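Listed below are the residues making up each chain.
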2 protein chains.
Amino acid sequence: MSSMSPAPTLTAETVVTEMARPEGKKALLLVMDGLGGYRTAERGSELTEASTPNLDRLAGEGSLGLHDPVTRGITPGSGAGHLGLFGYDPLSYEIGRGALSAAGIGFELLPGDVAARVNFCTLDAEGMITDRRAGRLPTEEAAAICELLMREIKLDEAEFFLQPEREHRGLLVLRGKGLEKDLNDTDPQVTGVAPFEPQARTPEARGTETLVKQILDQARSLLADRERGNFLLLRGFDSVKDMPSFPLRYRVKALAIAAYPMYVGISRLLGFETHQVEGAAKEEVDALAELLPEHDFVFMHIKKTDSAGEDGDFERKVEAIEEVDALIPRMLEAGVEVMAVTGDHSTPAQMAAHSWHPVPVLLWGGTAAADGLGGFDEVYCRQGSLGRFEAKHLLPQLLAAAGRLTKYGA
Amino acid sequence: MSSMSPAPTLTAETVVTEMARPEGKKALLLVMDGLGGYRTAERGSELTEASTPNLDRLAGEGSLGLHDPVTRGITPGSGAGHLGLFGYDPLSYEIGRGALSAAGIGFELLPGDVAARVNFCTLDAEGMITDRRAGRLPTEEAAAICELLMREIKLDEAEFFLQPEREHRGLLVLRGKGLEKDLNDTDPQVTGVAPFEPQARTPEARGTETLVKQILDQARSLLADRERGNFLLLRGFDSVKDMPSFPLRYRVKALAIAAYPMYVGISRLLGFETHQVEGAAKEEVDALAELLPEHDFVFMHIKKTDSAGEDGDFERKVEAIEEVDALIPRMLEAGVEVMAVTGDHSTPAQMAAHSWHPVPVLLWGGTAAADGLGGFDEVYCRQGSLGRFEAKHLLPQLLAAAGRLTKYGA
């Protein structure tokens, strides 16, 4: 016999919430999308080749490590990658593209709604896809298509909304009784084939399948005389879920600064205040300087690193990293006291795609240890005191360094 | 169909119990409380600055690593920190201060009892706390108060026990039918305010709340004319539950050697034999030499490292580490064949408090690998073959090095 009792099912995730206190230093989570790369026999990664005097100084004064966004070997999408960085286990939570798109354009999904991401595409006379992005048609053109379809399409037993996002991207939302999100994508992800028919993955989703078919059949007729943008591809059917709020979970006034709707979207779903800029990293730092005084925690998202990596452009990814490095002094001047610099996943230019490689992490300020290492790249990071860990453990360490977690247990 | 079947829900924790065998080398778990520190831009940690020729030698001959007591970013209390070292996940088990206190002074809690930790405190004429520790009144004075209150206080439907622990600290135990431990602390942890009223956190605990109120109301009158120690603050309400004992779990004859009641307490709760000394580390080593022949596994607790760290006294923590280092040869002479040297958490002198930083681990002897590193500190430990791991994984590795775990699976 003893007087130990099982604790009320705490996990690494929930214990952080229990310990969070609403005081501490101002923290920045700086995410360079797709930051990680890997060394080959020929040369180092993008981060090794980039000249980053400011990040190197922070590396010497701070702690280094590597994170696995989901778990070893797994290549994450952007949603999963960011959930991990925010301390939500990406194996326990998921956000579909539909919900991300909705949040990104400020469309409020209600419980029971089913959303999907739309690509306006171009079909040839045989109904085969010739361009999955309809020549990246202007957003206004997509808006006109949405307006036409919303006016003309009639559904039996549900409402629907169709909204443009950016260029060829849009959002479809179904609203009605008994809708289910378990439908396969209609986007085959390649050209030269026909779009897939909507297909329910469960018997409960058959009604929703029928509604989607009604929309697509009518859209096909209504758009038939258009040269580009004459059909819709749908992916990421999703419904709204209650995601635990980031500000409540960690007791911080949390702000997200990003240029791309998707990252604004995920932040909004998690309850961040959001500030969207046009695009340049410099603008994001301006926003940081202006808005940090009213916030405890800022997530800043840099897209360029990933775009360059996805394009297989090593040099442009190096430049994107150097551009962020040059802005580090202004971030510190803005009042950042503790910061983590990392990516949501790796996007090695050699692969021109997201990858499974672990992502460099730098933790600086507050009570972060000074590892005294010589710079910030994958090679130094594997020598750092943070070791290698799953991304979901980053946020607790950032909050701890900022003095925002109290003691656990007697 | 295949000839594989799911194993019956084994975990990292339970598989060790399954594999334990009652033979192997004699193992020592040497815990220097609050051992870990961290390097800053100015200087190394306490362990880096300390001169530790004996530990450095063992480091070269053994394996190094870093452990997180609970999980990354989390600062543990002493109970949680020790549970992890003993191989009990601190997120699954908790020990309240009341139970620790009871065990520490040898008070046997029965199932159904509710215990709380007592601080004798001093209130002013308005009932505000002026000193939470009543001037650290002598233990005999606290004993006299306990005696008075036990003699004079009358409860409706329960027994109670009030015992001195050390100086201003004591233990309250309620014994009766239908008691529940879910009460808030009455100790506000600050001076200048009134103690909190006892407050149930569940409807079931209302009866216990009433009993505690009866005790406190009568105590207030009975102690009213005292200048110091005129009231009681209560915290860590706790009760008793069954749980697996350390000796049964790991099939060892287990001994704990410690000076402080709390560490004797937790060991006793887990079924260790215990040996309490007055205070000096040297005395603990004397006890080790005497008692090791009759035991397989010894946990030895050194308090001075933590006390110095908590006082923010870097130099004194360095000295405490050096004092233990000088005793290492005698521990080996005593017959220790395998040992782990670590802390239950970090207490960096810079923070003068427990912290979230990972804790250095040295595993020496038996089949522990020789990492061949140059010494024992946080910097060498991050290069060691043990890597960085949660504390609950230390004990299996110590038992394995001692040849005390058999093979798992066919």
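Please refer to the structure higher up on the page.
Remember, predicted model here, so these are calculated numbers, not experimental data.

Participant: Explanation requested: the overall build of chain A in the structure shown.
Facilitator: What chain A contains, in helices and strands, is 14 helices and 15 strands. If you line up chain A on its principal axes, its C-alpha atoms span 65 × 60 × 40 Å. A burial count over chain A gives 55% of its 410 residues as buried. The contacts in chain A between residues at least 6 apart in sequence include a share of 72% that link residues at least 24 apart.

Participant: Please explain the sheet that holds strand β11 (residues 273-276) of chain B as it appears in this structure.
Facilitator: In a beta sheet, neighbouring strands pair by backbone hydrogen bonds and run either parallel or antiparallel. Residue and element names in this part refer to chain B. If you trace the eight strands from one edge of the open sheet to the other, you get β11-β10-β12-β1-β13-β14-β2-β15, paired in mixed fashion. Lying at the two open borders of the sheet, with one neighbouring strand each, are β11 and β15 (387-390). Strand after strand, the sheet turns through a mean of 20° between neighbouring axes, direction not considered. As judged from the four bridges shared by strand β13 (residues 338-342) and strand β14 (residues 359-365), these two strands associate in the antiparallel manner. Each bridged residue has a counterpart across the sheet, and for Ala340 the counterpart in β14 is Leu363.

Participant: Mind showing me how you'd approach the nonpolar core here?
Facilitator: For soluble globular proteins, nonpolar side chains are generally found buried alongside one another. The biggest cluster of nonpolar side chains holds 242 residues, and the ones touching the most others in it are A:Leu362, A:Leu398, B:Leu362 and B:Leu398. Not counting residues up to four positions away in its chain, the partners in contact with A:Leu398 are A:Ala27, A:Leu29, A:Val338, A:Ala340 and A:Leu363.

Participant: Help me understand the environment of A:Gln189, please; the structure alone is not making it clear to me.
Facilitator: Within the secondary structure, A:Gln189 sits in the loop between β7 (169-176) and α7 (206-222). The sequence separation of A:Gln189 and A:Lys392 amounts to 203 residues, and the corresponding C-alpha distance is 30 Å.

Participant: Looking at this structure, how should I read the packing of helix α5 (residues 97-104) of chain A against helix α9 (residues 261-269) of chain A?
Facilitator: The angle between the axes and the distance between the axes are what describe a pair of packed helices. All names here are of chain A. Relative to each other, α5 and α9 sit at 95°, their axes nearing to 7 Å. One element, α5, and the other, α9, form an angle in the roughly perpendicular class. Contacts between α5 and α9 involve Ala99, Leu100, Ser101, Ala103 and Gly104 from the first element and Pro261, Met262, Val264, Gly265, Ile266, Arg268 and Leu269 from the second. Within the contact of α5 with α9, the residues separate by chemical class into eight nonpolar, three polar and one charged.

Participant: Mind showing me how you'd approach the relation of the copies chain B and chain A here?
Facilitator: Taken together, a rotation about one axis and a shift along it account for how the two chain copies relate. Take chain B, turn it by 122°, move it 0.4 Å along the axis, and it overlays chain A with an RMSD of 0.4 Å. Considering both components of the superposition, the chain copies are consistent with a three-fold axis. Comparing interface residues between copies, only 2% of those in chain B also lie at the interface in chain A; the contact surfaces differ.

Participant: It is not clear to me how the pairing of strand β9 (residues 231-239) of chain B should be interpreted in this structure. Could you clarify?
Facilitator: The side chains of a regular strand alternate, residue by residue, between the two faces of the sheet. Residues and elements named next belong to chain B. Burial runs high along β9: nine of the nine residues are buried. For strand β5 (residues 114-123) and β9, the ladder comprises seven bridges, and the chain directions are antiparallel. Of the residues in β9, the one forming a bridge with Val114 is Ser239.

Participant: Just to check I follow, could you spell out the interface of chain B and chain A for this structure?
Facilitator: Contacts between chain B and chain A engage 44 residues on the former and 31 residues on the latter. When residues in the side of chain B that touches chain A are grouped by element, the largest group, four residues, is from helix α5 (residues 97-104) of chain B. For the side of chain B that touches chain A, the class distribution of residues is 20 nonpolar, 14 polar and 10 charged. Here strand β15 (residues 407-408) of chain A pairs with strand β3 (residues 75-76) of chain B via two bridges, running parallel. Looking at β3(B), one finds that A:Tyr408 is bridged to B:Pro76.

Basis of the calculations
- Residues numbered from 1 in each chain as written.
- Chains lettered and ligands numbered in written order.
- Predicted model: local features only at pLDDT ≥ 70, side-chain atom pairs only at ≥ 80, totals over all residues.
- Helix = DSSP H or I, 4+ residues; strand = E, 2+ residues; numbered from the N terminus.
- Buried ≥ 20, exposed ≤ 12 C-beta atoms within 10 Å, placed from the backbone.
- Contact = placed C-beta atoms within 7 Å.
- Pairing = 2+ DSSP bridges.
- Axes fitted to C-alpha atoms, helices over the stretch in contact; angles between N-to-C directions.
- Core = buried A, V, L, I, M, F, W, Y, C linked by C-beta atoms within 7 Å.
- Parallel < 35°, antiparallel > 145°, perpendicular 65-115°, else oblique.
- Nonpolar A, V, L, I, M, F, W, Y, C, P; charged D, E, K, R; others polar.
- Least-squares fit on C-alpha atoms with pLDDT ≥ 70 in both.

On their own, these measurements won't tell you what the molecule is for.
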